[in-house]
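Take a look at the letters that make up each chain.
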Amino acid sequence: MNRMNSTSIDIARFGRRLGTRSEGASARREIVSAIDRLPDDGQLVLSLHGVDVLSGSFADEAIGKTCQLLTSGAHGDRTMVIASPSVDLTEDLSDKLAQRKLAILCRVDRAAPPWRVLGQLARPLVETLELLMDRESATTKELAEALGIAPNVCHNRIRHLVQLHLVREERMGVSAPNTQYRFHSIV
């Protein structure tokens with residue numbers, strides 16, 4: 001990810017103890033506005049540093065609904081990730097994303113591994129995502145070979161990850177009968 005295409009919002013500016021849907025709706029308007037200002041391949045980092053409590057109501061309204069907008073394709077290839085000082089702070093957010101059948105990547109300070117998936121993502125998809133994050137970029141064929149699975153199975157996995165805006169695709173060219181793509185980690 002090119003750092004020049006990334007911007008950050010400190011969620012703590014909306015308060016240290018975020019609890020209501022109305023607070024979340026206000027924050028969502030600013031988050032969506034920040035996404036709209038990004039270039040097509042831009043990424044928004046939502047920082048939870050300085051937040052003491054992130055309730056499910058606020059998280060769903062501000063972050064869950066924004067994730068849903070991203071997956072609808074309304075904002076092109078833009079992506080969003082979370083930065084958090086702890087896993088505990090993200091529990092309600094993860095639950096709300098799972099209810100919406102969504103997922104987002106979260107960087108947790110001083111954690112191993114540093115990146116976590118919040119929300120709902122089947123284990124095979126997590127396995128594919130982790131491999132791509134390790135490699136930074138790959139084709140479906142390269143991933144299928146490394147995972148020991150059929151290319152069509154890998155294609156279905158990677159398509160789902162692209163739809164959730166957890167990976168980015170780059171069109172490499174057209175060769176009969178299919179267009180070729182390279183997939184990139186967003187972190």
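Shown above is the structure to which this text applies.
Just so you know, these numbers come straight off a predicted model, no measurement behind them.

**Student:** I keep staring at the sheet that holds strand E6 (residues 103–108) and nothing clicks. Help me out?
**Tutor:** Sheet strands associate in pairs through backbone hydrogen bonding, adopting either a parallel or an antiparallel arrangement. Strand order in the open sheet formed by five strands is E1-E3-E5-E6-E7, and the pairing between neighbours is mixed. Edge positions in the sheet fall to strand E1 (6–10) and strand E7 (115–119), since each of these pairs with one other strand and no more. Strand-to-strand twist across the sheet, computed as the mean angle between neighbouring axes with direction ignored, equals 30°. Pairing between strand E5 (residues 79–84) and E6: four bridges, direction parallel. By the bridge assignment for E6, Val81 is matched with Leu105. Here helix H1 (residues 21–37) sits on the sheet and contacts E1, strand E3 (43–47) and E5; the angle it forms with E3, its principal contact strand, is near 150°. In the packing of helix H3 (residues 91–99) onto the sheet, contacts are made with E5, E6 and E7, and the angle to E7 comes to roughly 55°.

**Student:** Sorry, what's going on with the pattern of salt bridges here?
**Tutor:** Where charged atoms of side chains with opposite charge meet at close range, the side chains can pair. In this structure the tally under the stated criterion is twelve salt bridges. Notably, a salt bridge pairs Glu61 with Arg28, separated by 2.5 Å at the nearest N-O pair. Highlighted residues: Glu61 in helix H2 (residues 56–71) and Arg28 in helix H1, separated in sequence by 33 residues. For Arg182, the salt bridge identified is with Glu142, shortest N-O distance 3.5 Å. Of this pair, Arg182 sits in strand E10 (residues 178–185) while Glu142 sits in helix H5 (residues 140–147), and the two are 40 residues apart along the sequence. Each of Arg21, Arg28, Asp60, Glu61, Lys65 and Arg100 takes part in one network of salt bridges that share partners.

**Student:** Whenever I open this one, helix H4 (residues 123–135) confuses me. Can you help?
**Tutor:** Since one α-helical turn is 3.6 residues long, residues separated by three or four positions face the same way. For H4, which comprises 13 residues, the first-to-last C-alpha distance of 18 Å matches the rise-based estimate of 18 Å (1.5 Å per residue) to within 8%. Of all the residues in H4, the buried ones are Leu125, Val126, Thr128, Leu129, Leu131, Leu132 and Met133.

**Student:** What's the story with the packing of aromatic side chains in this structure? I'm lost.
**Tutor:** Here the distance between the centres and the angle between the planes together describe a pair of aromatic rings. Enumeration over the complete set of coordinates arrives at one aromatic pair. Their ring planes at 35° and their centres at 6.3 Å tell us that Tyr181 and Phe183 sit as a pair that is tilted. With relative accessibility at 27%, the residue Tyr181 sits in the partly exposed group. In this structure, Arg159 is placed above the aromatic ring of Tyr181, and the distance from its NZ or CZ to the ring centre is 5.3 Å.

**Student:** What's the story with the nonpolar core in this structure? I'm lost.
**Tutor:** Considering soluble globular proteins, one finds that nonpolar side chains tend to be buried as a cluster. The biggest cluster of nonpolar side chains holds 57 residues, and the ones touching the most others in it are Ile11, Ile31, Leu44, Leu46, Leu54, Met80 and Leu121. Residue contacts for Leu46: discarding those within four places in its chain leaves Ile9, Ile11, Ile31, Ile63, Met80, Val81, Ile82 and Ala83.

**Student:** Explanation requested: the side chain of Gln43 in the structure shown.
**Tutor:** Here Gln43 lies in strand E3. There is a polar contact of 2.8 Å between the side chain of Gln43 and the backbone oxygen of Ile186.

**Student:** Please clarify how empty space enclosed by the protein should be interpreted in this entry.
**Tutor:** Taking a probe equal in size to a water molecule and rolling it over the atoms shows the remaining empty space. Following the criterion strictly, the structure yields one cavity of 30 Å³ or more and no others. Its boundaries defined by the atoms lining it, the largest cavity holds a volume of some 60 Å³. Residue lining of the largest cavity: Cys67, Leu70, Thr71, Met80, Ala103, Ile104, Leu164, His165 and Leu166, and that is the complete set. Every element with two or more residues in the lining of the largest cavity is listed here: H2 and E6. At three residues, H2 tops the list of elements feeding residues into the lining of the largest cavity. Residues that form the lining of the largest cavity fall into these classes: seven nonpolar, two polar and no charged.

Reading guide: rules and limits
Residues numbered from 1 in each chain as written. Predicted model: local features only at pLDDT ≥ 70, side-chain atom pairs only at ≥ 80, totals over all residues. Heavy atoms only, no water. Pairing = 2+ DSSP bridges. Helix = DSSP H or I, 4+ residues; strand = E, 2+ residues; numbered from the N terminus. Axes fitted to C-alpha atoms, helices over the stretch in contact; angles between N-to-C directions. Contact = heavy atoms within 4.5 Å. Salt bridge = Lys/Arg side-chain N within 4 Å of Asp/Glu carboxyl O. Expected span 1.5 Å × (residues − 1). Buried < 20%, exposed > 50% of the residue type's maximum accessible area, 1.4 Å probe, protein only. Phe/Tyr/Trp six-rings, centres within 6.5 Å; stacked < 30°, edge-to-face > 60°. Lys NZ or Arg CZ within 6 Å of the ring centre and 35° of its normal. Core = buried A, V, L, I, M, F, W, Y, C linked by side-chain atoms within 4.5 Å. Polar contact = N/O pair within 3.5 Å; in protein donor to acceptor, adjacent residues only side chain to side chain. 1 Å grid on protein atoms, 1.4 Å probe; cavity = no way out; pocket = protein on both sides within 12 Å on 5 of 7 lines; lining within 4 Å. Points joined across faces, edges and corners; volume = space filled by probe spheres on them. Nonpolar A, V, L, I, M, F, W, Y, C, P; charged D, E, K, R; others polar.

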